[in-house]
Amino acid sequence: MAIAKAERLMNLALCLMNTRRPLSKKELRESVEAYREAWQQGSEDAFNRMFERDKDDLRELGLIIDVDENALDGEVGYLARRDRNRLPEIALDAEEAAALALAARVWQQAKMSGAASGALQKLRAAGVPFAEEREHGALEPRIPGREAAFEPLLVAARDRRPVTFEYRKAGAATAEPRSVEPWALECWRGHWYLAGWDRDRGSARVFRLSRITGKVRSRAGAFTGDVPEHVDVRAVVARFAGEGATATAVVRIRRGAAYPLRQRALDDARPVDADWDELHIPYGNGLGADLAEYGPDVIVIGPEDLRADVIDRLRAVAGLAEVQS
């Protein structure tokens with residue numbers, strides 16, 4: 001069974017890489033014997049399921065497959081361009097190899113862990129000197145990627161494919177559609193963020209993955225905006241979160257809650273009573289959205305415009321909950 005599947009994947013890869021135009025599912029079904037047999041002995045659904053699994057497996061192995069939704073009179077076409085699937089000779093020194101080995105152990109979720117392990121195996125086969133015998137340290141870095149949008153956005157950013165998704169801004173009552181050209185993802189203070197070009201707004205934007213609702217859908221076509229050489233997602237998010245701000249906000253935080261805010265405090269917390277502490281934190285653009293997420297655990301004392309912003313956001317969320325109930 002394993003040999004049969006490996007042969008089927010190899011045949012599909014050869015078909016996709018040895019064509020100058022996108023091929024439809026029907027053409028691939030006629031070209032790969034295993035697909036033709038599955039279709040003749042089973043059904044169209046059986047073939048479709050097998051093809052989709054194989055396509056995902058090839059992408060997991062690193063093959064970049066382009067999808068053209070209007071290539072063949074409205075039929076979807078598939079193509080693996082050789083120029084996008086050819087790697088130069090890889091040469092890493094011992095320090096670079098050690099950094100890659102450490103990065104491969106960072107991922108917690110199984111799918112990314114498997115991909116990282118597979119990448120190391122390919123590099124090892126190419127002669128890269130990994131010191132695998134070295135004992136792991138007592139403390140090792142771990143990066144969570146729990147959001148459902150993480151993996152499809154990571155793949156879209158890698159393959160330079162536009163995406164669409166529903167996005168709920170902080171404090172907004174409903175989500176709204178976004179069409180984005182994804183550039184890069186970065187984890188900052190326990191949350192994942194996407195930086196990209198927002199086609200509808202015609203500007204670069206940053207999106208928090210936990211606020212993406214529903215499925216992330218890939219779209220055909222190339223990027224319309226220029227991708228910057230370096231995307232500092234963290235700097236953009238920090239600017240909107242009030243990092244480096246010159247103004248100061250006074251907030252009260254429920255005892256034992258909102259620890260990320262406590263870490264940002266400019267001084268030690270001052271106990272107000274048995275339930276509340278008072279903090280001074282940097283105040284900048286976007287702080288109201290951040291504070292609103294803590295709900296009843298945070299009370300804004302000042303300045304007044306920040307207090308009004310947080311109250312408006314909480315009222316919008318309460319109104320949505322009332323409508324849904």
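## Concerning the confidence of the model for the protein
- Averaged over all residues, the pLDDT of the protein is 79; the fraction at 70 or higher stands at 77%.
- Mean pLDDT values for the elements of the protein range from 64 in helix α6 (residues 110-125) up to 95 in strand β3 (residues 163-167).

## Thoughts on the pattern of salt bridges
- Enumeration according to the criterion identifies 23 salt bridges in this entry.
- Residues E278 and R252 are paired through a salt bridge, measuring 3.0 Å at the closest nitrogen-oxygen approach. One end of the pair, E278, is in strand β10 (residues 276-283); the other, R252, is in strand β8 (residues 247-254), and 26 residues separate them in sequence.
- The partly exposed category is assigned to R252, whose relative accessible area is 28%.
- For D297, the salt bridge identified is with R254, shortest N-O distance 2.9 Å. Taken together, the positions of D297 in the loop between α10 (287-292) and β11 (298-302) and R254 in strand β8 put the pair 43 residues apart, joining distant regions of the chain.
- Overall, the relative accessible area of 24% leaves D297 in the partly exposed class.
- The class for R254 is partly exposed, based on a relative accessible area of 31%.
- When salt bridges that share partners are traced, they join E176, R178, D198 and R201 into one network.

## Overview of the packing of helix α3 (residues 33-41) against helix α4 (residues 44-60)
- Running from N to C, α3 and α4 cross one another at 150°; their axes reach a closest spacing of 7 Å. On the basis of the axis angle, α3 is roughly antiparallel to α4. The two elements α3 and α4 meet at a crossing, and its hand is right-handed. From α3, A34, Y35, A38 and W39 reach across to α4, where they touch E44, F47, M50, F51 and D54.

## Here's the deal with the nonpolar core
- Core analysis: the biggest nonpolar cluster contains 19 residues, and L12, L16, L28, Y35, F51, L58 and Y78 have the highest contact counts within it.
- In terms of residue count, the dominant contributor to this core is helix α1 (residues 2-17) (five residues).
- When residues no more than four places from it in sequence are discounted, the contact partners of L16 are L28, L58, I65, Y78, L79 and A80.
- With 17 residues, the next largest nonpolar core counts F150, A156, V180 and C187 among its residues.

## Overview of the packing of aromatic side chains
- The final tally for this structure, using the stated rule, is eight aromatic pairs.
- Ring geometry for F150 versus W192: centroids 4.8 Å apart, planes at 55°, classification tilted. One end of the pair, F150, is in helix α7 (residues 150-159); the other, W192, is in strand β5 (residues 191-198), with 42 residues separating them in the sequence.
- A network of ring pairs unites the aromatic residues Y35, F47, F51 and Y78 as a single cluster.
- The ring of W39 carries the charged tip of R29 above its face, separated from the ring centre by 3.9 Å.
- One cation-aromatic arrangement involves R262 over Y259; the distance from NZ or CZ to the ring centre is 5.9 Å.

## Topic: the sheet that holds β8
- As summarised here, the arrangement of the four strands in space is β9-β10-β8-β11, forming an open sheet in which the pairing is antiparallel. Single-partner strands in this sheet number two, and they are β9 (270-271) and β11.
- In the sheet, β8 pairs with β10 via eight bridges, with the strands oriented antiparallel. Pairing of A249 across the sheet is with I281, part of β10.

## Some details on the side chain of T19
- On the secondary structure map, T19 appears in the loop between α1 and α2 (25-31).
- Within the structure, T19 has its side chain in polar contact with the backbone oxygen of R21 (distance 2.8 Å).

Conventions we followed
Residues numbered from 1 in each chain as written. Predicted model: local features only at pLDDT ≥ 70, side-chain atom pairs only at ≥ 80, totals over all residues. Heavy atoms only, no water. pLDDT = per-residue confidence, 0-100. Helix = DSSP H or I, 4+ residues; strand = E, 2+ residues; numbered from the N terminus. Salt bridge = Lys/Arg side-chain N within 4 Å of Asp/Glu carboxyl O. Buried < 20%, exposed > 50% of the residue type's maximum accessible area, 1.4 Å probe, protein only. Axes fitted to C-alpha atoms, helices over the stretch in contact; angles between N-to-C directions. Parallel < 35°, antiparallel > 145°, perpendicular 65-115°, else oblique. Left-handed = near helix turned anticlockwise from the far one by under 90°. Contact = heavy atoms within 4.5 Å. Core = buried A, V, L, I, M, F, W, Y, C linked by side-chain atoms within 4.5 Å. Phe/Tyr/Trp six-rings, centres within 6.5 Å; stacked < 30°, edge-to-face > 60°. Lys NZ or Arg CZ within 6 Å of the ring centre and 35° of its normal. Pairing = 2+ DSSP bridges. Polar contact = N/O pair within 3.5 Å; in protein donor to acceptor, adjacent residues only side chain to side chain.

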